[in-house]
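# Reading the structure
Below are the chains, spelled out letter by letter.
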Amino acid sequence: MTRAAVPGLPSRYPIGGQLPALYADDDFAQRFTSGLDTVLAPVFATLDNLPAYFDPRIAPSDFVVWLASWVGAEDDPRWPLALRREAVARAVELHRWRGTARGLVEALRLTLGVHAEVTGDGGAAWSSSPGADLPPASADGPLVRVRQDGNANVDPARVHAIVRAMCPVHTNCRVEILPGPPTDEGR
């Protein structure tokens with residue numbers, strides 16, 4: 001999309017009408033300034049609508065990519081535009097919940113449209129005795145169960161990439177991808 005030359009876009013502020021009276025009837029001056037109006041009309045239209053450019057739900061589609069870079073949102077061109085807009089709009093909220101079970105579940109739901117649940121906390125262990133040996137490292141970290149809807153085909157590589165990005169660095173998250181929607185006992 002371009003905002004450079006939009007055929008037929010009238011200028012809200014025509015330069016020819018703002019010239020001194022001496023040039024009001026000058027054909028060359030009016031034609032020359034109308035050429036400038038053609039160039040400046042998209043600039044004025046963009047400035048007049050500037051707040052809309054910063055709202056990802058209504059911004060032009062090419063601006064969504066730019067806005068995603070501002071807020072650190074993932075912008076996958078394979079996603080539908082509505083999902084890309086929602087990811088940008090909710091980026092700050094998702095960053096706030098990054099590294100938590102809630103953030104991981106929400107990121108998976110938003111980006112892949114899957115149901116997920118996280119069990120296990122991946123928490124830390126300590127001893128209240130000074131000089132005690134370190135507790136053994138746990139091989140089991142949080143378990144992320146992803147359930148795909150019957151008609152959706154989930155790419156395991158994308159699930160693992162999102163889990164790696166959203167899990168805390170010190171944890172070893174395990175992933176299970178299961179068929180079908182969640183059952184009542186899984187909720």
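Residues numbered from 1 in each chain as written. Predicted model: local features only at pLDDT ≥ 70, side-chain atom pairs only at ≥ 80, totals over all residues. Heavy atoms only, no water.

### A few points about the nonpolar core
Note the following rule: For the purposes of this section, nonpolar cores are sets of buried Ala, Val, Leu, Ile, Met, Phe, Trp, Tyr and Cys residues that join through side-chain atoms within 4.5 Å. Summary of the burial criterion: residues with accessible area below 20% of their type's maximum are buried, those above 50% are exposed, and those between are partly exposed, where the area comes from a 1.4 Å probe applied to protein chains only. In this text, helices come from DSSP runs of H or I with a minimum length of four residues, and strands from runs of E with a minimum of two, each type numbered from the N-terminal end. Whether two residues touch is decided by their heavy atoms; if any such pair falls within 4.5 Å, the residues are in contact.
Ranked by size, the top nonpolar core spans 14 residues in total, and within it Leu104, Leu108, Val144, Val146, Val159 and Val163 carry the most contacts. Breaking this core down by element, the ones donating at least two residues are α7 (101–112), β2 (143–148) and α8 (156–166). For this core, the element with the most residues is α8, which contributes 4 residues. Setting aside residues up to four positions removed in sequence, Val146 forms contacts with Leu108, Val114, His115, Ala116, Val159, Glu176, Ile177 and Leu178. Formed by 9 residues, the second largest nonpolar core is a distinct cluster that contains Tyr53, Leu67, Ala73 and Ala91.

### Observations regarding the packing of aromatic side chains
The criterion, for reference: Centres within 6.5 Å are what make two rings of Phe, Tyr or Trp a pair, Trp counting through its six-membered ring; a difference in plane orientation under 30 degrees is then read as stacked, over 60 as edge-to-face, and the rest as tilted.
On inspection of all chains with the given rule, the structure shows 6 aromatic pairs. Each ring, one from Phe54 and one from Trp70, has its centre 5.6 Å from the other, and the planes form 20°; the classification is stacked. Remark: Trp70 occurs in helix α4 (residues 61–71) and Phe54 occurs in the loop between α3 (50–53) and α4; sequence separation between them is 16 residues. Note on Trp70: relative accessible area 52%, which makes it exposed. Geometrically, the ring pair formed by Phe63 and Trp66 is edge-to-face, given 5.2 Å between the ring centres and 70° between the ring planes. You can see Phe63 and its partner Trp66 sitting in helix α4, 3 residues apart, about one turn around the helix. Residue classification places Phe63 among the buried positions, given a relative accessible area of 18%. Joined through ring pairs, the aromatic side chains of Tyr53, Phe54, Phe63, Trp66 and Trp70 make up one cluster.

### Let's talk about the pairing of β2
Heads up, the condition is: DSSP-based pairing: two strands are paired if at least 2 bridges between them are found.
With 5 of 6 residues buried, β2 lies mostly within the body of the structure. Where strand β1 (residues 115–119) lies against β2, 5 bridges are found, and the strand directions are antiparallel. Across the sheet, the residue bridging to Thr119 is Leu143, located in β2. Judged from the 6 bridges that link them, β2 and strand β3 (residues 174–179) form a sheet pairing that is parallel. Residue Val146 lies in a different strand from β3, and its bridge partner there is Ile177.

### A few points about the environment of Arg31
Within the fold, Arg31 resides in helix α2 (residues 27–48). The spacing of Arg31 and Gly16 is 15 residues in sequence and 8.3 Å in space, taken between C-alpha atoms.

### A short note on the pattern of salt bridges
A side chain with one charge may pair with a side chain of the opposite charge, provided their charged atoms come close. Stated formally: In the sections that follow, a salt bridge refers to a side-chain nitrogen of Lys or Arg positioned within 4 Å of a carboxyl oxygen of Asp or Glu.
Enumeration according to the criterion identifies 11 salt bridges in this entry. In this structure, Asp27 and Arg31 form a salt bridge, with 3.0 Å as the shortest nitrogen-oxygen distance. Taken together, the residues Asp27 and Arg31, both in helix α2 and 4 residues apart, mark about one turn of the helix. Residue classification places Arg31 among the exposed residues on the basis of a relative accessible area of 51%. Here Glu106 ties to Arg90 by a salt bridge, and the two come within 2.8 Å at their closest N and O atoms.

### Some remarks on the packing of α7 against α8
Rule in force here: The convention used is that axes are lines fitted to C-alpha atoms, helices contributing only their stretch in contact, and that angles between N-to-C directions extend from 0 to 180 degrees. By definition, turning the near helix anticlockwise from the far helix through less than a right angle yields a left-handed crossing, and turning it clockwise yields a right-handed one.
At a minimum axis distance of 10 Å, the contact between α7 and α8 shows a crossing angle of 145°. The two elements α7 and α8 cross, and the hand of that crossing is right-handed. Judged by residue contacts, Gly103, Leu104, Ala107, Leu108, Thr111 and Leu112 of α7 engage Arg158, Val159, Ile162, Val163 and Met166 from α8.

### Digging into a nonpolar patch on the surface
Note the threshold: Patch membership requires over 30% relative accessible area and the absence of a salt bridge. Like charges are linked within 9 Å, and nonpolar side chains (Val, Leu, Ile, Met, Phe, Trp, Tyr) within 5 Å. In this description, accessible areas are obtained by the Shrake-Rupley approach with a 1.4 Å probe, and a residue is regarded as covered only by the protein chains that are shown.
On the surface, Phe28, Phe32, Leu36, Val39, Leu40, Val43, Leu47, Leu50, Phe54, Trp66 and Trp70 cluster together to form a nonpolar patch covering roughly 1,100 Å² of accessible area. Those elements that provide at least two residues to the nonpolar patch are α2 and α4. At 7 residues, α2 tops the list of elements feeding residues into the nonpolar patch.

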